[in-house]
Each structure stands twice: as structure tokens, then as C-alpha cells.
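Coordinates in review
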Amino acid sequence: MRDFFLVVATFAASLVEMVEALTIVLAVGITKGWKTAFSATATALLTLGVIIIGFGPLISKLPLPVLRLIVGGLLLIFGLQWLRKAVLRASGLKALHNEDQIFADEVAALGDVAPGKNIDGKGFTVAFKGVLLEGLEVAFIVVTFGATQHRVGLAALGALAAAVLVVIVGLFVHRPLSRVPENSLKMGVGVLLTSFGTFWAGEGVGAHWPGGDFALLGILAWVLLMTGLSVLWLRSKTVVRA
Amino acid sequence: MTQQRSWMVRVYDAVFDFLIGDDWVLAVGTVVTLGIAALVSLVMASWWVIVLGVPLTLVYSLSRALQLKK
């Protein structure tokens, strides 16, 4: 059960972040040339690989209760951040993520100079930063989720599957993937991160969950219920104000 | 010196944004909830502290966002 959620969480989180990164890479590729876009992407992925290889085994060496407390606490904070954004978007208090608009903004910011044969410094920086920053969240989720369950490989597999999917679709459509239900995915990942974070951080501070591992399902249902009620509550407030 | 400082400020901003995000209440609420749960677990079962503290933290953060929008 844990393995299933592990793959689902890393796949969905990676999908969301990769779609955002793809938008930036496409904008750089079209305005500054594909050489710039691909070299920046490759450098950023290499940097992320070094981070995962460097921190993965390091985190795994921590004693299990300490690992669960640190990782659980961080996942909890991270999950709540994702949930907050998703709930605010679902209730209309925050604008939905619009990949087409972001793509247009990036293209405008990069300028309309025809792409040259050499690597463009500005384009490289934008693509590198975009892939690295979006990828860091994925790396964090892969390393922490994987390390706590001693399944970093499985977690990385979920992320890799999402990366392959986004790259293949991106190569075919050659435009931002604006039809991916990003907010729903983000909410789903937020629920999973918050639930796992609650469970592990709880064990880390010495709480004994009733039902053992099965408590995770109860926590998942509880977080889902709270998220749904939060959306309804905020929507009612927005409607009253309107 | 100024260049070095601005580089450090940028790194600090990136780390802060990564860990704290849009609302610091989420991070502080999480730490406080876990702290209380750790203390409670010394005398009795403490899982319920986390189960209540986490959604309360989220709801408080959302209510702050709602207030800011008003």
C-alpha cells in the first residue's frame, strides 16, 4: 500500500513540476534556440542528479525516528503549502495556473531576437533556473519519500515515468501542456504529502497510531475531508462577498 | 563585498521560499503541533494532537489569505 502511494505521489508531483518546467524550456527553445534550451535542461538535470545521489544516502544514514521526524515534518510543511495553494485556486481566491499565459510572458521577456547558433546566456540561465527550481521540489519528494521507506529507486522510477511522459508529449505537441489538470494534481499530491507527513512526523515525536500502518488510510480520508470542507468554506465566503 | 552579499541574500531567499513558502504560519503551526504532540506523548497517546493541529494550521492560514483578499 505504501509503495503504491509512493509511486503515485512522486509521479503526480513530478508531472506537475515537469509541465511547468517544459513551458519555460519551450519558451527558451523557440526564442533562443534549441541548443540553448537543451544544454540548460541537461545541466540542470545533471545538477539535480548530483543532489539526489549526494543527499539520498546521507539522509538514509540517519536513525529511523530522527529521519521520520525531520522528513515527516518537512513533508507536512511542504504538503500544506501545496494544499493551501490548491484550495485557494479551487475556491477562486487565487488565479489558476495558466501555462499558455506563462509561456507568452516568458517569450515576451526573452525578446524576439532570432535564435543564433551559439548558446545564449540569458536563455540558458532562464531554462537552467526553471528546470532546477521545479526539479528541486521533485528531488526533495523523491529523496525524502524514498529514504523513509528505503525505496529511493522506486520513488525515482515514479518521477522518471512522469519525466518521460512529459518529454514525449512535449516533443509531439511543441506547445505548453495547458490541458493538464494541474490544480487537481497539485491538490492530490498535497493530500498525499500531508498524510504521509502527518503519519511519519507523528511516529517521529513518539505518537503511536491506532491500527498501525492502516492509520495512514484514516489520515488520508481525514485530510481529504478537511481539504474538501476548506474549499466549500472558502467558496461560500467568496459567493457571499460577490 | 556587495556582490557576495547579494548572492547570499539570493540563496537565503531561495531556501526561505522553498521551506516556508507563501505563508510562514504553515511552518510555525507544524513545528508547534509536533512540539505539543511530543510533550503530550510523554504522558498519554498524542496522535490526536497532530490529527487536530494539522487541519487547524491549514484553516488558519487559509483564513489569513481570505482576510488579505478582503
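Residue numbering note: each chain is counted from 1, following its sequence as written. Working convention: letters from A go to chains and numbers from 1 go to ligands, in the order in which they are written. Given that the model is predicted, a residue must reach a pLDDT of at least 70 before its local features are reported, and side-chain atom pairs must reach 80 or more before they are shown or counted; all residues, however, enter totals for whole chains, interfaces and linings. Note that the side-chain values use all heavy atoms of the structure and ignore hydrogens as well as water.

Next up on the list: the UniProt feature "transmembrane region" (unreviewed entry) in chain B. All names here are of chain B. UniProt positions are given in the numbering used here, feature names are shortened, and annotations may be inferred rather than shown by experiment. The residues that UniProt annotates with the feature "transmembrane region" (unreviewed entry) are residues 12–39 and 45–63. For helices the rule is a DSSP run of H or I covering at least 4 residues; for strands it is a run of E covering at least 2, with both sets numbered from the N terminus onward. Taken end to end, residues 12–39 is 86% helix and 0% strand, and its two terminal C-alpha atoms sit 31 Å from one another. For the annotated span residues 45–63, helix accounts for 89% and strand for 0% of the residues, and the straight-line distance between the end C-alpha atoms is 30 Å.

What follows concerns empty space enclosed by the protein. Buriedness for pockets is judged along seven lines, at least five of which must meet protein on both sides within 12 Å for an open set on the 1 Å grid over protein atoms alone, while cavities are sets there where a 1.4 Å probe fits but cannot get out, and lining residues have an atom within 4 Å of a point. Grid points are joined across faces, edges and corners, and a volume is the space filled by probe spheres set on the points. What the rule picks out here adds up to 1 cavity of 30 Å³ or more. Residue lining of the largest cavity: L80(A), L83(A), T194(A), W222(A), V223(A), M226(A), T227(A), V54(B), P55(B) and L58(B), and that is the complete set. Of the residues that constitute the lining of the largest cavity, the class distribution is 8 nonpolar, 2 polar and no charged. Here the nonpolar group is Ala, Val, Leu, Ile, Met, Phe, Trp, Tyr, Cys and Pro; Asp, Glu, Lys and Arg are the charged ones; every other residue, Gly included, is treated as polar.

On to the packing of aromatic side chains. Here a pair means two rings of Phe, Tyr or Trp (six-membered ring of Trp) with centres within 6.5 Å. Their orientation is stacked below 30 degrees between planes, edge-to-face above 60, and tilted elsewhere. For the coordinates displayed, the defined rule picks out 5 aromatic pairs over all chains. Taking the ring centre of W82(A) as reference, the NZ or CZ of K186(A) above it sits at 5.1 Å. As a reminder, the over-ring test applies to NZ of lysine and CZ of arginine, requiring each to be within 6 Å of the ring centre and within 35 degrees of the ring normal.

With that out of the way, let us pick up the environment of D100(A). Residues and elements named next belong to chain A. Mapped onto the secondary structure, D100 falls in helix α4 (residues 99–110). Per-residue accessibility, obtained with a 1.4 Å probe over protein chains only, is compared with the maximum for each type, and a residue is labelled buried under 20%, exposed over 50%, and partly exposed between these values. Relative accessible area serves as the criterion here: at 33%, D100 is assigned to the partly exposed category. Taking the C-alpha atoms as reference points, D100 and F11, separated by 89 residues in sequence, lie 23 Å from one another.

How big an interface is tends to be stated in terms of the accessible area lost upon association of its parts. Chain A puts 35 residues into the contact, and the matching count from chain B is 29 residues. Here the quantity called buried area is the total loss of accessible area, with a 1.4 Å probe, experienced by two parts when brought into contact, counted for both. Taken together, both faces of the contact between chain A and chain B bury some 2800 Å²; the carbon and sulfur share is 78%. Looking only at chain A, the three residues that lose the most surface to chain B are L80(A), R84(A) and V205(A), adding up to 23% of its buried area. Within this document, salt bridges are pairs made up of a side-chain nitrogen of Lys or Arg and a carboxyl oxygen of Asp or Glu, the two lying within 4 Å of each other. Counting across the interface, chain A meets chain B through 1 salt bridge. R84(A) serves as the salt-bridge partner of D23(B), at 3.9 Å between the closest nitrogen and oxygen. Any pair of nitrogen or oxygen atoms within 3.5 Å is treated as a polar contact; in protein, a donor-acceptor pairing is required on top of that, and neighbouring residues in sequence qualify only through side-chain atoms on both sides. Here chain A and chain B share 3 residue pairs in polar contact (both at pLDDT 80 or more) between them. Listed by contribution, the elements that provide at least two residues to the side of chain A that touches chain B are α3 (64–90), α5 (121–148), α7 (182–204) and α8 (215–241) of chain A. By the convention used here, residues are in contact when the closest approach between their heavy atoms is within 4.5 Å.

Turning our attention to the side chain of T194(A). Within the element layout of this structure, T194(A) appears in helix α7. A relative accessible area of 1% places T194(A) in the buried class. Among residues more than four places away in sequence, those in contact with T194(A) are L76(A), G79(A), L80(A), L83(A), V223(A) and V54(B).

Residue and element names in this part refer to chain A. Under the UniProt annotation, the feature "transmembrane region" (unreviewed entry) is placed at residues 37–59, 66–83, 152–173, 185–202 and 214–234. Here residues 66–83 runs as 100% helix and 0% strand, with 25 Å between its end C-alpha atoms. Across residues 152–173 one finds 100% helix and 0% strand; the C-alpha atoms that close the span lie 32 Å apart.

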